[in-house]
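# Understanding the architecture of this molecule
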Amino acid sequence: MTRYLYPKNLTAKANIWLWGMRDFIVLSVGVLLSIAAIVKFGWMIPAALTLCYGFLTIRKDEMTILSYLKYAIKYFLSEQQYYKWRTQSGKEN
């Protein structure tokens, strides 16, 4: 079996700059549509949405800001946290 040194024996996901390949393609299409909306109608909302999506999908160490926000919302808001308190002697209250 041939082993390659880069990227991770060819098993790593393809990345372009700070984004994954899928996110980069979505951003490229979003930028083109945003430019068309600005030129044709003067709408800035598609450009703002594209910019927000681009910021949220920046990838660092296989994790995006969007996935971090999902984990944080899941941890703090949607999943119940269960704590069990004990005294110094080890008996439960």
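Here the structure is shown first, and the text comes after it.
Cut-off values and rules
- Residues numbered from 1 in each chain as written.
- Predicted model: local features only at pLDDT ≥ 70, side-chain atom pairs only at ≥ 80, totals over all residues.
- Heavy atoms only, no water.
- Helix = DSSP H or I, 4+ residues; strand = E, 2+ residues; numbered from the N terminus.
- Buried < 20%, exposed > 50% of the residue type's maximum accessible area, 1.4 Å probe, protein only.
- Contact = heavy atoms within 4.5 Å.
- Phe/Tyr/Trp six-rings, centres within 6.5 Å; stacked < 30°, edge-to-face > 60°.

Turning to the side chain of threonine 64, a few remarks are in order. With respect to the element layout, threonine 64 can be found in strand E4 (residues 63-64). For threonine 64, a relative accessible area of 12% corresponds to the buried category. Leave out the neighbours within four places in its chain, and threonine 64 touches Leu56, Thr57, Ile58 and Arg59.

Let's shift gears to the packing of aromatic side chains. Applying the stated criterion across every chain yields a total of three aromatic pairs. Both rings, one in phenylalanine 41 and one in tryptophan 43, keep their centres 4.6 Å apart while their planes meet at 20°; by these two values the pair is stacked. Plain terms: the ring middles of tyrosine 75 and phenylalanine 76 are 4.9 Å apart, the flat faces sit at 85° to each other, and that makes the pair edge-to-face.

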